[in-house]
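Listed below are the residues making up each chain.
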Amino acid sequence: KDLLFIVLCVLKAAINWDLMGSIFEKKGPTLQRLFSRGVEILSPFLCEEFVISYYTKLSMRILMTKNAQFKNFPCALYATDVIFQQANRPSLEGKLYFSGKHKLYGYKTEVSVA
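Please read all numbers here as calculations on a predicted model, not as lab measurements.

A. Up close: the overall build of the chain. Looking only at helices and strands, one finds 4 helices and 3 strands in the chain. Taken across its 114 residues, the chain has 19% of its residues classed as buried. Element-wise, carbon and sulfur atoms account for 60% of the exposed surface of the chain, whose accessible area totals about 9,100 Å².

B. Focus on the side chain of Gln-32. Its location among the elements puts Gln-32 in helix α3 (residues 28-55). Sequence-distant contacts of Gln-32, defined by excluding residues within four places in its chain, comprise Trp-17, Ala-87, Asn-88 and Tyr-107.

C. Region of the structure containing a nonpolar patch on the surface. Where nonpolar side chains cluster on the molecular surface, the patch consists of Phe-45, Leu-46, Phe-50, Val-51, Ile-52 and Tyr-54 and spans about 580 Å² of accessible area. If you trace the backbone, Tyr-54 turns up in helix α3. Of the residues examined, Tyr-54 reaches a relative accessible area of 36% and is grouped as partly exposed.

D. Molecular detail of the packing of aromatic side chains. A full pass over the atoms with the stated rule returns 2 aromatic pairs. Each ring, one from Phe-5 and one from Phe-24, has its centre 5.8 Å from the other, and the planes form 80°; the classification is edge-to-face. Linking Phe-5 in helix α1 (residues 3-13) with Phe-24 in the loop between α2 (17-23) and α3, this pair joins segments that are 19 residues apart in sequence.

E. Seen up close, the nonpolar core. Of all hydrophobic cores here, the largest spans 10 residues; its members are Ile-6, Val-7, Val-10, Trp-17, Met-20, Phe-24, Leu-31, Leu-34, Phe-35 and Ala-87. Of all the secondary structure elements, the ones that give two or more residues to this core are α1, α2 and α3. Once you skip the residues sitting within four places of it in the chain, Met-20 turns out to touch Cys-9, Val-10, Ala-13, Ile-15 and Leu-31.

F. Summary view of α1. Listed as buried for α1 are Ile-6, Val-7 and Val-10. Viewed along the axis of α1, the buried residues span an arc of 100°, placing them on a single side of the element. In α1, the exposed positions that point more than 90 degrees away from the buried face belong to Phe-5 and Lys-12. A positive backbone phi angle near 50° is found at Ala-14, which sits one or two residues after α1.

Reading the values: rules and limits
Residues numbered from 1 in each chain as written. Predicted model: local features only at pLDDT ≥ 70, side-chain atom pairs only at ≥ 80, totals over all residues. Heavy atoms only, no water. Helix = DSSP H or I, 4+ residues; strand = E, 2+ residues; numbered from the N terminus. Buried < 20%, exposed > 50% of the residue type's maximum accessible area, 1.4 Å probe, protein only. Areas by Shrake-Rupley, 256 points an atom, 1.4 Å probe, with all protein chains shown as cover. Contact = heavy atoms within 4.5 Å. Patch = residues over 30% accessible without salt bridge, like charges linked within 9 Å, V, L, I, M, F, W, Y side chains within 5 Å. Salt bridge = Lys/Arg side-chain N within 4 Å of Asp/Glu carboxyl O. Phe/Tyr/Trp six-rings, centres within 6.5 Å; stacked < 30°, edge-to-face > 60°. Core = buried A, V, L, I, M, F, W, Y, C linked by side-chain atoms within 4.5 Å. Arc of directions from axis to C-beta.

Quick look at the structure:
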C-alpha cells in the first residue's frame, strides 16, 4: 500500500538497501523486490505521461521559437544525470549488476530533463 512512497524514497535517497529497509521496517532484499515491482507497475504510465506525450511538444524548433533552450548548451534537447546506488550481489546474473568503475554491485539510475 506504500509502494509509491517506497519507490520515491529509494529514488531520492539512493542509499544502501539495508539502511533504507530499516526505515520501512523491511529487510534489504525484500525492499529491493518491492522497489522492482513498483517500478514495473509504474513504468508504462510514467513513460506515456512524461516521455511519449512530451515528445510531440518538444523539438529543437519549438524550443528555439520559445527561447527555452539550456543557457550553457543551447543545442541540447535534454540533459541527463546518472547516479549509482549500491546493492547486494544478486544470486543470479551477478555480472549484470557489477560496476567496474565503482568495484561494487548496484543499480544505475538515469534521469533526463527536458
